[in-house]
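# Fold and geometry: a report
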Amino acid sequence: MTLNLPAGAMTDAATISPLALFLQADIVVKGVMLGLLLASIWTWAIIISFSVSLRKASKESRKFEADFWKAEDIDRFYEARGKAEFPAAKVMAAGVTEWRRSTAQKVIDRDGTRDRLGTSMSSVIASEVDRLSDRLNILATVASAAPFIGLFGTVWGIMRAFTSIAAEQNSSLAVVAPGIAEALFATAIGLFAAIPALIAYNRFSHGINRLEAGLTRFADSFYSTLSRELESQR
């Protein structure tokens, strides 16, 4: 069976390809598309780098904690591994540093020492969480703003399509389709940028919360150990 296509059907199909839609779009819609494409590239760069850094921090912190609780001498362990640049090591370093400062005095203020130990380790945890989650706000911004930016491009493109209809006094599909297609293409690009950003934001937020909870448990356990040691000080 032979299917007879209307003349110019192949040409019409080519005019609604993604590249053709971009090239024939209005300058405003082109700006929207380019901005959303750049936002999408930026989003994926953040997703890849954040995924690597979060996984590394979580893995190294878990290993450090496991080795720490196996150590027989905290001071020796601190001298060997307390300078490492990952969250759990910094929490331990803050606790050991404050412990040494507070217990170096002739008269030890036990209550003050406990307060300072808790404060110093909690401060480090908050600082590390802030450092690791620094770029999450970018993902949240892209996830919330990209669909609306794409919608703006869509509305502008549809207005342009209706203007073409009025100018040519012709409402046939050949006149309407390119303008409508380029308008909807802007929305598609907006969703293409927003959906990965939203998924990544939720996933990374969960990972940050788990890491923070793990660091808090480690700090609490270390605090308890130092508090018991403080009781034996004379």
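Residues numbered from 1 in each chain as written. Predicted model: local features only at pLDDT ≥ 70, side-chain atom pairs only at ≥ 80, totals over all residues. Heavy atoms only, no water.

### Structural notes on the overall build of the chain
Broken down by element type, the chain carries eight helices and zero strands. In the chain, which comprises 234 residues, the proportion classed as buried is 38%. Contacts in the chain between residues at least 24 apart in sequence constitute 78% of all its contacts with a sequence separation of at least 6. For the chain, the exposed area adds up to about 14,000 Å²; of that, 62% sits on carbon and sulfur atoms. (Helix = DSSP H or I, 4+ residues; strand = E, 2+ residues; numbered from the N terminus. Buried < 20%, exposed > 50% of the residue type's maximum accessible area, 1.4 Å probe, protein only. Contact = heavy atoms within 4.5 Å. Areas by Shrake-Rupley, 256 points an atom, 1.4 Å probe, with all protein chains shown as cover.)

### A few points about the confidence of the model for the chain
On average, residues of the chain carry a pLDDT of 83, and 85% of them reach 70 or more. The low-confidence segment residues 1-11, where pLDDT is below 50, has zero contacts with residues more than four positions distant or belonging to other chains. (pLDDT = per-residue confidence, 0-100.)

### So, the side chain of Ser 205
Looking at the element boundaries, Ser 205 is found in helix α8 (residues 173-231). Taking relative accessible area as the criterion, Ser 205 reaches 18% and is therefore assigned buried. Looking at Ser 205, its side chain comes within polar contact range of the main-chain oxygen of Tyr 201, at 2.8 Å. (Polar contact = N/O pair within 3.5 Å; in protein donor to acceptor, adjacent residues only side chain to side chain.)

### Overview of the packing of helix α3 (residues 27-70) against helix α4 (residues 74-81)
Here α3 crosses α4 at 150 degrees, and the two axes come no closer than 10 Å. Contacts from Lys 63, Phe 64, Asp 67 and Phe 68 in α3 reach Ile 74, Phe 77 and Arg 81 in α4. Considered class by class, the residues forming the contact of α3 with α4 number four nonpolar, no polar and three charged. (Axes fitted to C-alpha atoms, helices over the stretch in contact; angles between N-to-C directions. Nonpolar A, V, L, I, M, F, W, Y, C, P; charged D, E, K, R; others polar.)

### Thoughts on the packing of aromatic side chains
Here the structure, examined in full by the defined rule, presents eleven aromatic pairs. Where Phe 68 meets Phe 222, the ring centres are 5.2 Å apart and the plane angle is 85 degrees; that geometry is what we call edge-to-face. Remark: Phe 222 occurs in helix α8 and Phe 68 occurs in helix α3; sequence separation between them is 154 residues. Residue Phe 68 shares its accessibility class with Phe 222, and that shared class is buried. (Phe/Tyr/Trp six-rings, centres within 6.5 Å; stacked < 30°, edge-to-face > 60°.)

### Digging into helix α6 (residues 110-132)
Owing to its 3.6 residues per turn, the α-helix brings residues three or four apart onto one side. With 23 residues, α6 extends 33 Å between its outermost C-alpha atoms, agreeing within 8% with the 33 Å of an ideal straight helix rising 1.5 Å per residue. Within α6, burial applies to Gly 112, Thr 113, Arg 114, Leu 117, Ser 120, Met 121, Val 124, Ile 125, Glu 128, Val 129 and Leu 132. (Expected span 1.5 Å × (residues − 1).)

### Looking at the nonpolar core
With 50 residues, the main nonpolar core has Phe 64, Val 91, Met 92, Leu 139, Phe 204, Ile 208 and Phe 222 as its most contacted residues. Mapped onto this core, the elements with two or more residues apiece are α3, α4, α5 (87-103), α6, α7 (136-168) and α8. Among all residues touching Phe 204, those that are not within four sequence positions of it are Ile 47, Phe 50, Ser 51, Leu 54, Leu 136 and Leu 139. (Core = buried A, V, L, I, M, F, W, Y, C linked by side-chain atoms within 4.5 Å.)

### Describing the pattern of salt bridges
Any two side chains of opposite charge can pair, given that their charged atoms come close. According to the stated counting rule, one finds ten salt bridges in the structure shown. The salt bridge involving Lys 63 is made with Asp 67; its shortest N-O contact spans 3.1 Å. Of the two residues, Lys 63 and Asp 67 both sit in helix α3, four residues apart, roughly one turn of that helix. Residue classification places Lys 63 among the exposed positions, given a relative accessible area of 51%. (Salt bridge = Lys/Arg side-chain N within 4 Å of Asp/Glu carboxyl O.)

### Brief notes about the UniProt feature "transmembrane region" (unreviewed entry) in the chain
In the numbering adopted here, UniProt assigns the feature "transmembrane region" (unreviewed entry) to residues 32-54, 136-159 and 179-201. Measuring from the first to the last C-alpha atom of residues 32-54 gives 32 Å, for a span that is 100% helix and 0% strand. (UniProt positions renumbered as here; feature names shortened; annotations may be inferred.)

### Some details on the packing of α5 against α6
At a closest axis distance of 9 Å, the pairing of α5 and α6 adopts a crossing angle of 155 degrees. As judged from the angle between their axes, α5 and α6 are roughly antiparallel. The two elements α5 and α6 meet at a crossing, and its hand is right-handed. Facing α5, whose interface residues are Pro 87, Lys 90, Val 91, Ala 94, Gly 95, Glu 98, Trp 99 and Ser 102, α6 presents Thr 113, Arg 116, Leu 117, Ser 120, Met 121, Val 124, Ile 125, Glu 128, Arg 131 and Leu 132. When grouped by side-chain class, the residues that make up the contact of α5 with α6 number nine nonpolar, four polar and five charged. (Parallel < 35°, antiparallel > 145°, perpendicular 65-115°, else oblique. Left-handed = near helix turned anticlockwise from the far one by under 90°.)

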